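Chains, contacts and geometry: an overview
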Number of protein chains: 2
Amino acid sequence: MKPILFYFDLSSPYAYLMAHRIDQLAARFDRDVEWHPIMLGAVFKISGSSPLSSQPIKWEYAQMDLARMARFMELPWTLPEPFPIAAIASSRAFYWINDHDPLLAKRFAVACLDTYFAEGRNIAKSEVLSDIVNNLGLDGDEMLRSIKDPVIKEKLKQETDSAIEIGVCGSPYIIIDGEPFWGADRLWMIRRWLQSGGW
Amino acid sequence: MKPILFYFDLSSPYAYLMAHRIDQLAARFDRDVEWHPIMLGAVFKISGSSPLSSQPIKWEYAQMDLARMARFMELPWTLPEPFPIAAIASSRAFYWINDHDPLLAKRFAVACLDTYFAEGRNIAKSEVLSDIVNNLGLDGDEMLRSIKDPVIKEKLKQETDSAIEIGVCGSPYIIIDGEPFWGADRLWMIRRWLQSGGW
């Protein structure tokens, strides 16, 4: 069976919630998950959307909802400052790791999301990102050099372009055998879809 | 116990789905639901949002998702033409009926949503709206006169203003004892909230 696809932005709070559940849920149905960080800002440019935090009323709701979802899922939660950020360095670092070790790349992504949304530390800062990489047993300095590599830069651009092409309209965005599910609040539907094979 | 509040726009497809479930769900927990149609366009003006159908990429997703949600909930579904519409006449008619008979007003709202989203008939047209009202045993002509009454017009304006004031950011929007839930896809969360008393 084809892997389940998980598109997300590394600065997306609902992706933080999804990242802590999707692999475990998929495993119950013997499915693998392929992770694809993208730059959501590029999606927003085309859809005419904007970050949640720039949308009055909705942002008030989302702040309450994120805290409530995190409590429900028993995950730590903090609204980081600054928010949002451009998670371009961490996304490039993901693909740098992913080239050699996809499983470690997932652990890196979870560590980035945790660092930002549980600890409130800014993963756009080189020293924070370097710490995360060092803690995974990799070389933070090598990472900082590698994410300037045009090949890595191009990889993130291609992943983002390809996400836009297949209709990714937000983060997190899950695709199961061509069927898309947008939002961490669709975990219930993903579970039922995997259970039933669709309807 | 205070009634559960159900804010929605009568031209909102996700409200159509919610309208077919919220009272039954609430009844399982001995709770009543108070229905409040509003003009979502006024909310959009303040939140800087826009109708789903004017948002590229998201609208592609939403069209697929609405059909899928309707299949899951075993409700008929059609994307009406034109969509969206300003459901101002039907919303005013709701409050005209609601003054005398809140239960009948709910039946009227469901009939409007069904006429638009199951049958694909335009409820912004006087003759369609009049038919719906006649079928409920009321006088369609009296309704068409009454919705021009400044008191009825003001009522809809006040309901919309009050919704904005309490943070209603979309449709459907459910409030349980001050706790808001946005979206038809949050029925699972509403159920768990009612079961557990919150978390």
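This text follows the structure it describes.
Parameters and conventions
Within each chain, residue numbers correspond to sequence positions counted from 1 in written order. Working convention: letters from A go to chains and numbers from 1 go to ligands, in the order in which they are written. Given that this is a predicted model, residues contribute local features only at a pLDDT of at least 70 and side-chain atom pairs are listed and counted only at 80 or more, while totals for whole chains, interfaces and linings are drawn from all residues. The side-chain figures draw on all heavy atoms in the structure; neither hydrogens nor water molecules are used. Put plainly, a pocket is an open set of points on a 1 Å grid over the protein atoms alone with protein on both sides within 12 Å along at least five of seven lines, a cavity is a set where a 1.4 Å probe fits but cannot get out, and a lining residue has an atom within 4 Å of a point. Grid points are joined across faces, edges and corners, and a volume is the space filled by probe spheres set on the points. Only DSSP runs of H or I covering at least 4 residues are called helices, and only runs of E covering at least 2 are called strands; the numbering of each starts at the N terminus. Here the nonpolar group is Ala, Val, Leu, Ile, Met, Phe, Trp, Tyr, Cys and Pro; Asp, Glu, Lys and Arg are the charged ones; every other residue, Gly included, is treated as polar. Burial status follows relative accessibility: with a 1.4 Å probe on protein chains alone, a residue under 20% of its type maximum counts as buried, one over 50% as exposed, and anything between as partly exposed. Salt bridges, as used here, are contacts in which a Lys or Arg side-chain nitrogen is within 4 Å of a carboxyl oxygen on Asp or Glu. For this overlay, a least-squares fit was computed on C-alpha atoms, restricted to residues scoring pLDDT of at least 70 in both copies. When checking whether two residues touch, look at their non-hydrogen atoms; a contact exists if any pair is within 4.5 Å. We define a nonpolar core as any set of buried Ala, Val, Leu, Ile, Met, Phe, Trp, Tyr and Cys residues linked to one another through side-chain atoms lying within 4.5 Å. By buried area we mean the combined loss of accessible area, with a 1.4 Å probe, across both parts when two parts are placed together. Think of a polar contact as two N or O atoms within 3.5 Å of one another; within protein, one of them needs to be a possible hydrogen donor and the other a possible acceptor, and neighboring residues in sequence only count if both atoms come from side chains.

1. Concerning the layout of surface pockets
Size it by volume and the second largest pocket reaches roughly 750 Å³. Lining the second largest pocket are 28 residues, and of these Trp188, Arg191 and Arg192 of chain A together with Trp188 and Arg191 of chain B lie nearest its centre. Those elements that place two or more of their residues in the lining of the second largest pocket are α2 (22-27), α4 (58-72) and α10 (187-196) of chain A together with α2 (22-27), α4 (58-72) and α10 (187-196) of chain B. In the lining of the second largest pocket, the residues fall into 14 nonpolar, 3 polar and 11 charged.

2. Topic: the environment of lysine 125 of chain B
All names here are of chain B. With respect to the helices, strands and loops of the structure, lysine 125 is situated in the loop between α6 (102-117) and α7 (126-135). Given the relative accessible area of 43%, lysine 125 is considered partly exposed. Between the alpha carbons of lysine 125 and lysine 157 there is a distance of 21 Å; along the sequence they are 32 residues apart.

3. Digging into the pattern of salt bridges
What the rule picks out here adds up to 20 salt bridges over all chains. Between glutamate 159 of chain B and lysine 155 of chain B there is a salt bridge, and its shortest N-O distance comes to 3.0 Å. You can see glutamate 159 of chain B and its partner lysine 155 of chain B sitting in helix α9 (residues 150-165), 4 residues apart, about one turn around the helix. We classify lysine 155 of chain B as partly exposed; its relative accessible area is 30%. Among the ionic pairs, aspartate 161 of chain B bridges to lysine 157 of chain B, the shortest N-O distance being 3.0 Å. One end of the pair is aspartate 161 of chain B and the other is lysine 157 of chain B, both in helix α9 and 4 residues apart, which spans about a single turn. Among the residues examined, lysine 157 of chain B registers a relative accessible area of 46% and is labelled partly exposed. Each of Asp65, Arg68 and Asp185 of chain A together with Glu179 and Arg186 of chain B takes part in a single network of salt bridges with overlapping partners.

4. With respect to unusual backbone geometry
Residue and element names in this part refer to chain B. For the bond running from glutamate 81 to proline 82, omega is 5°, close enough to zero to count as cis. With respect to the helices, strands and loops of the structure, proline 82 is situated in the loop between α4 and α5 (88-98). Omega for the peptide link from phenylalanine 83 to proline 84 comes to -5°, which places this bond in the cis form. Mapped onto the elements, proline 84 comes out in the loop between α4 and α5. The phi dihedral of glutamate 74 is positive, around 55°, even though this residue is not glycine. Topologically, glutamate 74 is positioned in the loop between α4 and α5. On the basis of relative accessibility, which here comes to 72%, the residue glutamate 74 falls in the exposed class. Of note in this structure, aspartate 177 is not a glycine but carries a positive phi near 50°. Tracing the backbone shows aspartate 177 in the loop between β3 (173-176) and β4 (179-182).

5. What about the relation of the copies chain B and chain A?
Put simply, the two copies of the chain differ by a rotation about an axis and a shift along that axis. When chain B is brought onto chain A, the operation consists of a screw motion whose angular component is 180° and whose axial shift is 0.0 Å, with 0.0 Å RMSD remaining. The transformation relating the two chain copies, once decomposed into turn and shift, fits a two-fold axis. Both copies share a contact surface, since 100% of the interface residues of chain B are interface residues in chain A too.

6. Some thoughts on the nonpolar core
Counting 121 residues, the largest nonpolar core has Leu17 and Phe108 of chain A together with Leu17, Trp35 and Phe108 of chain B as its most contacted members. For this core, the element with the most residues is α6 of chain B, which contributes 9 residues. Once you skip the residues sitting within four places of it in the chain, phenylalanine 108 of chain B turns out to touch Ser90, Ala93, Phe94, Ile97, Leu129, Ile132, Val133 and Leu136 of chain B. Membership of the second largest hydrophobic core comes to 14 residues, among which are Phe44, Val168 and Tyr173 of chain A together with Tyr61 of chain B.

7. Topic: the interface of chain B and chain A
Counting residues at the interface gives 30 residues for chain B and 30 residues for chain A. Here chain B meets chain A over a buried area of about 3,000 Å², counting both sides, of which 63% is carbon and sulfur. The interface formed by chain B and chain A contains 6 salt bridges. Linking chain B to chain A there are 18 residue pairs in polar contact (both at pLDDT 80 or more). If you list the elements that add at least two residues to the side of chain B that touches chain A, you get α3 (40-47), α4, β4 and α10 of chain B. Counting residues per element, the side of chain B that touches chain A draws most heavily on α4 of chain B, at 8 residues. Grouping the amino acids of the side of chain B that touches chain A by side-chain chemistry returns 18 nonpolar, 4 polar and 8 charged.

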